[in-house]
Amino acid sequence: MRKMIAYCGLDCEKCDAYIATINDDQTLREKTAKAWSEMNQVPILPEHINCQGCRTEGIKTVFCDSLCEIRQCALKKGVKTCGDCPDMKTCKLVGMIISNNPDALKNLETGD
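Residues numbered from 1 in each chain as written. Predicted model: local features only at pLDDT ≥ 70, side-chain atom pairs only at ≥ 80, totals over all residues. Heavy atoms only, no water.

Draft legend 1. Broad picture of helix 2 (residues 26-40). The first and last C-alpha atoms of helix 2 sit 21 Å apart over 15 residues, in line with the 21 Å expected at 1.5 Å per residue. Inspection of helix 2 places Leu28, Arg29, Thr32, Ala33 and Ser37 among the buried residues, and these make up the whole buried set. Buried residues along helix 2 cover an arc of 160° about the axis, so they all sit on one side. Looking at helix 2, the residues exposed on the side facing more than 90 degrees away from the buried face are Thr27, Lys31, Lys34, Glu38 and Met39. Where helix 2 is buried, its residues touch helix 1 (16-22). The N-terminus of helix 2 is capped by aspartate 25, whose side-chain oxygen sits 3.1 Å from the backbone nitrogen of threonine 27. Where helix 2 terminates, the next one or two residues include glutamine 41, which has phi positive at roughly 50°. (Helix = DSSP H or I, 4+ residues; strand = E, 2+ residues; numbered from the N terminus. Expected span 1.5 Å × (residues − 1). Buried < 20%, exposed > 50% of the residue type's maximum accessible area, 1.4 Å probe, protein only. Arc of directions from axis to C-beta. Contact = heavy atoms within 4.5 Å. Polar contact = N/O pair within 3.5 Å; in protein donor to acceptor, adjacent residues only side chain to side chain.)

This is the structure in structure tokens:
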């Protein structure tokens, strides 16, 4: 499995926070902060948009680091991703992601 596949199956390499971080792109940070603030109805500042991937060492967004229930569950269970968890098919947490993103489910099922 590529290292940049998140615990939930999403591809961190496609995340605007990751892209802004690796390219040190302040314009993308500002655009992402605005979009995420509106989408989540919480204040998110451009300086919050820094992430090197949820399964890697290094900086993460506040959400990915501390608030993501999927990441916290995977860390607690010691699984590489939700694809390694026997409860994945019935899990309501990861179910929210994989029911709306067929690529995430494929990443978890195939290890791609």
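So, next bit.
Draft legend 2. Seen up close, the pattern of salt bridges. Applying the stated criterion to the full structure yields 5 salt bridges. As a salt-bridge pair, lysine 77 and aspartate 87 come within 3.1 Å of each other at their nearest N and O atoms. Of this pair, lysine 77 sits in helix 4 (residues 69-77) while aspartate 87 sits in the loop between helix 4 and helix 5 (92-98); the two residues are 10 residues apart in sequence, bridging distant segments of the chain. Taking the shortest distance from any N to any O, the salt bridge between glutamate 109 and lysine 89 comes out at 2.6 Å. Of this pair, glutamate 109 sits in helix 6 (residues 102-110) while lysine 89 is found in the loop between helix 4 and helix 5, placing the two residues 20 residues apart along the sequence. The exposure class assigned to lysine 89 is exposed, which follows from its relative accessible area of 63%. (Salt bridge = Lys/Arg side-chain N within 4 Å of Asp/Glu carboxyl O.)

Draft legend 3. Local environment of unusual backbone geometry. One non-glycine residue, aspartate 24, lies in the positive phi region at around 45°. Structurally, aspartate 24 can be placed in the loop between helix 1 and helix 2. One non-glycine residue with positive phi stands out, namely glutamine 41, at about 50°. By the secondary structure assignment, glutamine 41 is in the loop between helix 2 and helix 3 (62-67). Residue class for glutamine 41 comes out exposed when judged on its relative accessible area of 73%.

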